[in-house]
Amino acid sequence: MDVVTISRQMGSWGSVIGKLVAERMGFQLVWRDLINQAALRAGAPEVALAMIDELGLLGVNPTGQQQQDYLNAVSQVLHELADAGKVVIIGRAGQVVLRGHPRVFHVRVVADEEVRVQRIVEEKKVNPKAARAQILASDRARKLYLSRYYQVDWNDPCLYHLVINTGRISCEVAAEMICHALNRLPEQIIR
């Protein structure tokens, strides 16, 4: 196995784990740059802004065709990355777009809401009420994105090979678990 997708809740530190896995395995880390690649391919960077604008603050309203072009471009980029291998992909519905790809290991990173609130308070220097509001808005937006564009429930554990709770497991141990799984799994796993 040489491709990992990481789906994460805001404040769960999934991005930190993704970076650790990429460093330990010598893999490329792909995150926001994927959005830029897809937007360029779709010929509409404003569509990318609208698709990642979780709260709708930018006021960009792409047409249905523009949205579909963007999603097709994201899918193409994700498949190219997975086919090349040695990559950790954070977000952009990788667990759905690459579902069934024989070289991909899907990970979900979660944590209890209170743990995530405390982390956002510390990271962003905001009060707990603001942190909670950001977390709830992010969770709603991510769930809606997967439901609207891919007709799946973001929280469905069957989308993932491994679900990790960073409220109970450190990022280092989580990264170790993922790396161990990658090294132990056969080249093709049961989907």
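Scroll up a little and you will see the structure.
Structure report, in brief. (Residues numbered from 1 in each chain as written. Predicted model: local features only at pLDDT ≥ 70, side-chain atom pairs only at ≥ 80, totals over all residues. Heavy atoms only, no water.)

**Observations regarding the packing of aromatic side chains**
The geometry of two aromatic rings is summed up by the distance between their centres and the angle between their planes. If you walk through the whole model with that rule in mind, you get 2 aromatic pairs. Taken together, the aromatic side chains of Tyr145, Tyr149 and Tyr150 make up a single cluster linked through ring pairs. Sitting over the face of the ring of Tyr145, Arg92 holds its NZ or CZ atom 4.8 Å from the ring centroid. If you follow Arg108 out to its NZ or CZ, it ends over the ring of Trp154, 4.0 Å from the centre. (Phe/Tyr/Trp six-rings, centres within 6.5 Å; stacked < 30°, edge-to-face > 60°. Lys NZ or Arg CZ within 6 Å of the ring centre and 35° of its normal.)

**Some points on the sheet that holds strand β1 (residues 3-8)**
Taken together, the 5 strands give an open sheet; going across it, the order is β2-β3-β1-β4-β5, and neighbouring strands pair in parallel fashion. Of all strands in the sheet, those with a lone pairing partner are β2 (28-30) and β5 (162-165), marking the two edges. The mean angle between the axes of side-by-side strands here comes to 20 degrees, regardless of whether they run parallel or antiparallel. Pairing geometry for β1 and strand β4 (residues 104-110), over 6 bridges, is parallel. Bridged to Ile6 within β4 is Val107. Packing against the sheet, helix α1 (residues 14-25) makes contact with β1, β2, β3 (87-90) and β4, and its axis sits at approximately 165 degrees to β1. (Pairing = 2+ DSSP bridges. Helix = DSSP H or I, 4+ residues; strand = E, 2+ residues; numbered from the N terminus. Axes fitted to C-alpha atoms, helices over the stretch in contact; angles between N-to-C directions. Contact = heavy atoms within 4.5 Å.)

**Comments concerning the packing of helix α4 (residues 64-84) against helix α7 (residues 128-150)**
Direction vectors running N to C along α4 and α7 enclose 100 degrees, while the axes themselves pass 12 Å from each other. As far as their axial angle goes, α7 and α4 are roughly perpendicular. Across from Gln67, Tyr70 and Leu71 in α4, the residues of α7 making contact are Tyr145, Tyr149 and Tyr150. Partitioning the contact of α4 with α7 into residue classes produces 5 nonpolar, 1 polar and no charged. (Parallel < 35°, antiparallel > 145°, perpendicular 65-115°, else oblique. Nonpolar A, V, L, I, M, F, W, Y, C, P; charged D, E, K, R; others polar.)

Such coordinate-based values are descriptive only and should not be taken to indicate function.
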